[in-house]
Amino acid sequence: MTFYSHPFIASAFQKSDSAFDDLTASLDEARPHPTEEALVQLGRALMTELVDLISDTALEDYQTILGEALIGAFHSAAGRIERDADRARDAMRSLDRDFDGSEAADSELQDATAKARAGDAATRACELIRDAASETWTVATGEVWTAWRGSRRGTHLTAAQLEAKQAIKAIRRRRSGEADPGGPVVAFRGAPTADSAEDAGRIFDALNWAKQEWPDMALATTGAKGSEKLAIKWARQKGVTLILARADFDTHGKAAPFRANDELIALEPEVCLTLVLSVDRARADQRPFGPALNFGQKAMASGLRHVSIKARAA
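Residues numbered from 1 in each chain as written. Predicted model: local features only at pLDDT ≥ 70, side-chain atom pairs only at ≥ 80, totals over all residues. Heavy atoms only, no water.

Asks: Looking at this structure, how should I read the overall build of the protein?
Replies: The secondary structure content of the protein amounts to eleven helices and six strands. Counting over 314 residues, the protein shows a buried share of 41%. Sequence separation of at least 24 residues holds for 70% of the intrachain contacts in the protein that already meet a minimum separation of 6. When the accessible surface of the protein is totalled, it reaches about 17,300 Å², and 51% of it is carbon and sulfur. (Helix = DSSP H or I, 4+ residues; strand = E, 2+ residues; numbered from the N terminus. Buried < 20%, exposed > 50% of the residue type's maximum accessible area, 1.4 Å probe, protein only. Contact = heavy atoms within 4.5 Å. Areas by Shrake-Rupley, 256 points an atom, 1.4 Å probe, with all protein chains shown as cover.)

Asks: What should I look at first to understand the pattern of salt bridges in this one?
Replies: Side chains bearing opposite charge may pair, as long as their charged atoms lie close to each other. This structure, assessed with the given rule, holds eight salt bridges. The closest approach of N and O atoms between E29 and R31, which form a salt bridge, is 2.9 Å. Accessibility expressed as a relative area gives 33% for E29, which makes it partly exposed. Taking relative accessible area as the criterion, R31 reaches 60% and is therefore assigned exposed. Note that R130 and D131 form a salt bridge whose closest N and O atoms lie 2.8 Å from each other. (Salt bridge = Lys/Arg side-chain N within 4 Å of Asp/Glu carboxyl O.)

Asks: What should I look at first to understand unusual backbone geometry in this one?
Replies: Across residues other than glycine, the phi torsion is negative in most instances, and most of the peptide bonds are trans. In this structure, D56 takes a positive phi of about 60° despite not being glycine. Structurally, D56 can be placed in the loop between α2 (36-54) and α3 (63-97). At E268, a residue that is not glycine, the phi angle is positive and equals roughly 55°. Tracing the backbone shows E268 in the loop between α9 (256-266) and β5 (271-275).

Asks: Please explain the nonpolar core as it appears in this structure.
Replies: Inside soluble globular proteins, nonpolar side chains tend to come together where they are buried. Counting residues in each nonpolar core, the largest one holds 28 residues, and the members touching the most others are F188, I203, M217, L219 and L273. At the level of secondary structure, the elements contributing two or more residues to this core comprise β2 (185-190), α6 (197-213), α7 (227-238), β4 (241-244) and β5. A total of six residues in this core trace back to one element, the largest contributor, which is α6. Other than its neighbours up to four places away in sequence, I203 contacts F188, A194, S227, L230, A231, L275 and I309. In this structure, A187, I243, I265 and F295 belong to the second largest nonpolar core, which totals 13 residues. (Core = buried A, V, L, I, M, F, W, Y, C linked by side-chain atoms within 4.5 Å.)

So yeah, pure geometry; function would need other evidence.
In C-alpha cells:
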C-alpha cells in the first residue's frame with residue numbers, strides 16, 4: 001500500500017479531522033485535492049511574502065491597498081465559484097423534477113451533482129486561503145480586513161460576517177415563526193478617534209462583559225475606522241459572528257452614518273454600546289462623535305438598553 005507524501009495531497013487512506021478534507025475525500029475525483037493545512041499555509045505564506053517584500057520600501061505607503069487586494073482576490077474567487085455551484089444546484093433541481101428515468105437524464109443529473117459538489121470544495125478552499133491571509137495581515141499590521149459587500153461564511157479560522165440587511169430579514173422571519181438565525185445581538189458605535197491603547201482596553205472590557213452576559217452573541221457595528229475596527233478585531237479574536245451595517249455614502253450622502261444606525265436598531269440588539277469620545281486624556285479637547293451620540297439616543301427612544309462604555313468603566 002502506497003501513501004502520498006506530498007504536503008499538498010490528501011491521502012485517501014488517512015482519517016482526517018478536517019471537515020474540508022472529509023468533503024474532498026468524498027468527491028468522485030481522481031486528482032488529489034490540497035489539504036486544509038496546505039491551503040492555510042499558502043494563505044499565510046502569500047501574505048507574509050507580500051508584507052516582507054514591501055516593508056521599508058516605497059511601496060509601504062500602499063501597504064493597506066495591496067494587502068486588502070490580495071485578501072479580496074480570494075474572497076471574490078470564492079463568490080464566483082459559489083455562484084457557479086448554485087447554478088449547478090438549480091440544474092439539479094430542474095433535472096430531478098423532470099427526471100424520466102432515461103440513461104441520458106441520469107447522466108446529466110450526475111454531472112450537475114458532481115459540478116455542484118466540486119464547486120463547494122473549491123469555494124471552501126478559497127475561503128481557507130482568504131481567512132489565513134486575513135489572519136496573517138492582522139497579526140503583521142494590526143489592521144482588520146472585512147468584506148465590503150455581502151456576507152461571509154466563517155471557517156475554523158474566523159467567525160462569519162453578515163450584512164445587516166440579511167440579519168434584519170432573518171430576525172423578521174424568526175418573529176414570524178421561522179427558524180432562529182442565531183444568538184442575541186450586541187451593537188456598538190464609537191468615535192473614530194477612540195483608537196488608543198486605553199480606548200482598546202475599555203472597549204475590550206465592555207465587549208468581554210457583554211459576552212459573559214450573552215455567550216452566543218453576535219457583534220453588530222458599521223465597521224468605521226478607529227474604535228469600531230478595534231471592536232471587529234475583538235470579535236475575530238473571540239470567534240464572534242460579525243454583522244456589518246455599512247454607511248452607504250453613495251446613496252445617502254452625509255446622512256449615511258445615521259441610516260446605518262437605523263439598521264443597527266432594526267437588529268433589536270440586547271444592548272447598545274457607545275463610546276462617543278476617546279478615554280485618552282491627551283485627547284480631551286475632542287468633540288463627541290455625532291453618529292455614536294445619535295445611536296445612543298435612538299436606542300433609548302426605541303426602548304433598547306443603552307450603555308456608555310466610558311460611563312460604565314468610570
